Amino acid sequence: MFKSVKTRLIVLFLLLAFLPLLALRFIAYPHALGALKTGALKNLENVGIKQAEIVTLWMRERVRDVKVAAQNPLVIQGTHITPRDKEFLLLSALLNTIKESYGYKEVLISDAEGQVRVSASEHLRGTNIFDSEGFRRSLAGMAFIYEVFPRSGAGPLTTKDDLPCMIFSSPVTSGNKVLGVLIFQMELRGINSLMKTVNLGISGETYVIDDKGLTLTELKHWPRESGSIGQGINNPLDGKPTLAVQECLNGQEGFDAEGYLNYAGVEVFGFWQWIPEFKLGILAEVGKDEALRAAYDLKVMVNRVIFGLSVSIFLVAFYMGKKISRPILSLTALTRRMAQGDLTQRAEITTGDEIGELASSFNQMVTAIGDKTKKLEETTNFLNSILLSSTEYSIMALDHQGRIQTFNEGARKMYGYEPEEVVGRRLIYSLFDAEGNGRLEEALSLTEKTGRFEIDLQGRRKSGESFPAHLTLTLRKGESTFLTVGGAPTSGPPQADTASEGRPIGFVAISRDVTRQKALEAEVQRYTSTLEKRVEERTQALMD
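Residues numbered from 1 in each chain as written. Predicted model: local features only at pLDDT ≥ 70, side-chain atom pairs only at ≥ 80, totals over all residues. Heavy atoms only, no water.

Caption draft 1: Summary view of the overall build of the protein. When helices and strands are counted, the protein shows 13 helices and 14 strands. A burial count over the protein gives 39% of its 544 residues as buried. Here the contacts in the protein between residues at least 6 apart in sequence split such that 56% fall between residues at least 24 apart. If you sum the accessible surface of the protein, you get close to 30800 Å²; carbon and sulfur atoms cover 55% of it. (Helix = DSSP H or I, 4+ residues; strand = E, 2+ residues; numbered from the N terminus. Buried < 20%, exposed > 50% of the residue type's maximum accessible area, 1.4 Å probe, protein only. Contact = heavy atoms within 4.5 Å. Areas by Shrake-Rupley, 256 points an atom, 1.4 Å probe, with all protein chains shown as cover.)

Here it is, written out as structure tokens:
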């Protein structure tokens with residue numbers, strides 16, 4: 001804690017002087033950082049979604065190509081054609097035209113046994129593709145898409161140049177019968193070129209993975225000399241798939257706003273989207289440092305400005321604090337004397353500024369406090385005289401446990417006890433028959449919840465006499481006291497219980513003797529019963 005006003009003022013001036021800079025450093029900078037991060041993520045999301053749409057359209061075009069071609073009458077004839085047939089050369093030319101026009105690596109037609117009947121490349125004619133997954137699925141009547149990566153003994157569809165290709169196949173049918181299979185083979189450079197149409201800066205890139213987490217496109221920052229197509233996208237620290245790849249393989253779409261390590265060990269922001277239709281994942285990533293470079297530059301500038309201004313600001317704050325603190329220290333001394341009860345003190349500061357205005361207000365406050373205190377004493381004494389002089393009603397103040405704290409004249413006459421016999425010594429339960437204590441305890445509990453409760457009980461005087469009583473309980477909250485222990489009025493200004501201000505601190509119990517009321521009620525009941533009996537007898541006589 002600060003020990004003097006001067007020190008507090010110096011610190012206050014420093015805080016006020018540094019407030020704009022601190023706001024820039026701790027509010028504006030994080031806001032700018034968040035805005036840049038949001039912008040980067042939004043840009044990645046837009047790019048990723050757009051690339052996913054492009055790849056989806058591109059794949060659908062390839063699927064449509066193979067399906068449409070499979071319906072061509074000449075292709076249907078190709079499932080059982082031989083080189084001796086006159087349509088063989090025409091069909092070969094058609095397949096070469098499809099290959100060259102649409103950029104396919106290979107186009108071939110097989111019969112239902114997997115025998116390649118005709119192809120754009122002569123070396124595939126006569127080979128058998130029965131063991132390939134694409135052939136078997138298409139033979140079952142489904143169009144199929146899957147990627148092929150060169151492996152030793154991968155079969156006749158493996159490319160001679162060892163380049164990864166993607167296979168599109170469709171059944172060739174006549175009516176409901178599958179006669180064979182049409183296969184389009186395409187190099188992955190087609191889909192690879194789609195990923196290079198977007199510029200995400202030096203560190204940013206988009207790429208495609210398959211359902212095994214292997215990349216189908218070239219990676220911009222692949223750290224090894226070998227090509228990246230067909231390679232796993234793993235975190236270099238633990239060898240496991242990166243966060244984006246894991247989420248993508250789980251069929252998720254989303255982004256990471258905190259950053260994760262990519263395949264090159266660089267912390268990046270990323271967006272991913274899984275395309276379940278083709279079992280492909282689209283990833284868009286950009287380096288975290290590049291995305292937030294403007295925010296980092298702002299941080300360095302702010303730190304330099306804060307350091308450069310700190311010395312001059314401190315000197316100015318020290319001078320201003322010392323100048324302003326002198327009259328304030330004078331007012332402090334006056335308030336201490338005022339707190340000791342001396343309301344005759346007045347501030348003699350005439351500086352003509354805010355401090356002078358404060359001194360004038362201080363003097364007015366002291367005068368107003370004196371007047372308010374006098375009026376409050378008069379009001380308190382008046383209220384005490386009313387409460388203490390009431391003899392028709394018993395008025396008691398209770399604490400939370402039901403212990404009697406005040407006991408007015410009406411309570412003394414009703415129960416026969418003197419205030420000093422019960423105040424602070426007895427509980428309210430002792431003023432009523434023991435049979436009703438359970439109901440009284442429940443009434444106190446309900447009063448604490450609802451704020452007010454009324455109940456009829458049997459009161460018990462000091463002499464032992466029992467009488468019917470109507471008790472009204474009200475929740476009492478922390479406030480200035482109006483009765484003292486013993487029921488005598490207070491002297492001097494009332495003291496507020498600031499620790500319990502506004503909190504429940506007990507109850508006010510107001511009771512009255514209802515003996516006469518109960519007797520009247522009983523008399524009315526007897527009269528009513530007699531009248532009803534006479535009416536019944538007269539009615540019976542008339543009926544007879």
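Caption draft 2: Region of the structure containing helix α12 (residues 437–450). Taking 1.5 Å per residue as the helical rise, α12 with its 14 residues ought to reach 20 Å, and the 20 Å between its terminal C-alpha atoms agrees with that figure. Every buried residue of α12 is accounted for by L440, A443, L444 and T447. Summarising the axial view, the buried residues of α12 lie within an arc of 100°, below the 170-degree limit, and thus occupy one face. With respect to the buried face of α12, the exposed residues turned more than 90 degrees away are E441, E442 and K449. Taken together, the buried residues of α12 touch β12 (452–460), β13 (466–477) and β14 (504–513). Looking one or two residues past α12, G451 carries a phi angle of roughly 95°, positive in sign. (Expected span 1.5 Å × (residues − 1). Arc of directions from axis to C-beta.)

Caption draft 3: The packing of aromatic side chains, seen in detail. A complete count under the given rule lists eight aromatic pairs for this structure. With 4.6 Å between their ring centres and 45° between their planes, Y104 and F184 make a pair best called tilted. Of this pair, Y104 sits in the loop between α3 (87–102) and β1 (106–111) while F184 sits in strand β5 (residues 177–187); the two residues are 80 residues apart in sequence, bridging distant segments of the chain. Owing to a relative accessible area of 4%, Y104 belongs among the buried residues under this scheme. Judged by centre distance (5.6 Å) and plane angle (55°), the rings of F130 and F135 are tilted. (Phe/Tyr/Trp six-rings, centres within 6.5 Å; stacked < 30°, edge-to-face > 60°.)

Caption draft 4: Quick look at the pairing of strand β7 (residues 253–261). As paired strands, β7 and strand β8 (residues 267–275) are joined by six bridges and run antiparallel to one another. The residue of β8 that forms the bridge with D256 is G270. The antiparallel pairing of β7 with β8 creates a hairpin that spans five residues between the two strands, and G265 there sits at a positive phi of about 80°. (Pairing = 2+ DSSP bridges.)

Caption draft 5: Main features of unusual backbone geometry. Of note, K279 is a non-glycine position whose phi angle comes to about 55°, a positive value. Secondary-structure assignment places K279 in the loop between β8 and β9 (280–287). On the basis of relative accessible area, K279 is assigned to the partly exposed category, the value being 46%.

Caption draft 6: Layout of the pairing of strand β10 (residues 394–398). β10 sits mainly inside the fold: five of its five residues count as buried. Alternating positions in β10 separate into two faces, S394, M396 and L398 on one and I395 and A397 on the other, with burial throughout. When β10 meets β14, the two strands line up antiparallel, connected through five bridges. If you follow S394 over to β14, its bridge partner there is S511. The hairpin turn running from β10 into strand β11 (residues 404–407), its antiparallel successor, is five residues long, and G402 in that turn takes a positive phi close to 90°.

Caption draft 7: Local environment of the nonpolar core. Membership of the largest hydrophobic core comes to 36 residues, with the highest contact counts inside it found for V55, W58, M59, F168, L182, F184 and V208. For this core, the secondary structure elements donating two or more residues are α1 (5–70), α2 (73–77), α3, β1, β4 (165–174), β5, α5 (189–195) and β9. With eight residues, the single largest contributor to this core is α1. Core analysis: the next-biggest nonpolar cluster, separate from the first, contains 26 residues, M396, I404, I455 and L471 among them. (Core = buried A, V, L, I, M, F, W, Y, C linked by side-chain atoms within 4.5 Å.)

Caption draft 8: Spotlight on the side chain of D433. Structurally, D433 can be placed in the loop between α11 (419–422) and α12. Among the polar contacts listed, one links the side chain of D433 to the side chain of S466, at a separation of 3.2 Å. Other than its neighbours up to four places away in sequence, D433 contacts Q458, G459, R460 and S466. (Polar contact = N/O pair within 3.5 Å; in protein donor to acceptor, adjacent residues only side chain to side chain.)

Caption draft 9: Geometry of the sheet that holds β10. Pairing is antiparallel across the open sheet formed by five strands, whose spatial order is β11-β10-β14-β13-β12. The open sheet terminates on both sides in strands that have one partner only, identified here as β11 and β12. Averaged over all adjacent pairs, the angle separating strand axes in this sheet is 25°, with direction ignored. Relative to the sheet, α12 contacts β12, β13 and β14, its axis offset from that of β12 by approximately 160°. Across the sheet, helix α13 (residues 515–543) touches β12, β13 and β14, and the angle it forms with β13 is around 125°. (Axes fitted to C-alpha atoms, helices over the stretch in contact; angles between N-to-C directions.)

Caption draft 10: Representation of the environment of L292. Along the chain, L292 turns up in the loop between α7 (288–291) and α8 (293–339). For L292, a relative accessible area of 1% gives the class buried. Between the C-alpha atoms of L292 and A35, which are 257 residues apart in sequence, the distance is 9.7 Å.

Caption draft 11: Spatial organisation of a nonpolar patch on the surface. Together, V311, F314, L315 and F318 make up an exposed nonpolar region whose accessible area comes to about 400 Å². Mapped onto the elements, V311 comes out in helix α8. Under the relative-accessibility criterion, V311 is labelled exposed at 56%. (Patch = residues over 30% accessible without salt bridge, like charges linked within 9 Å, V, L, I, M, F, W, Y side chains within 5 Å. Salt bridge = Lys/Arg side-chain N within 4 Å of Asp/Glu carboxyl O.)

Caption draft 12: The confidence of the model for the protein, seen in detail. When pLDDT is averaged along the protein, the result is 82, and 85% of the positions lie at 70 or above. Segment residues 480–499 is flagged for pLDDT under 50; beyond a separation of four residues in sequence, or across chains, it makes 36 contacts in the model. (pLDDT = per-residue confidence, 0-100.)

Caption draft 13: Molecular detail of the sheet that holds strand β6 (residues 205–209). Spatially, β6-β9-β8-β7 is the arrangement adopted by the four strands of the open sheet, whose pairing is antiparallel. This sheet does not close on itself; its edge strands, each paired only once, are β6 and β7. Each neighbouring strand pair of the sheet contributes to a mean axis angle of 20°, computed without reference to strand direction.

Caption draft 14: A look at the pattern of salt bridges. One pass over the full model with this rule turns up 18 salt bridges. Residue K42 is joined to E45 by a salt bridge in which the shortest nitrogen-to-oxygen separation is 3.8 Å. Of this pair, K42 and E45 both sit in helix α1, three residues apart, roughly one helical turn. Ionic pairing is found between R137 and E133, a salt bridge with its closest N-O pair at 3.1 Å. One end of the pair, R137, and the other, E133, are both in helix α4 (residues 133–139), four residues apart, so they sit about a helical turn from each other. Put simply, E61, R62 and D65 are held in one network by salt bridges that share partners.

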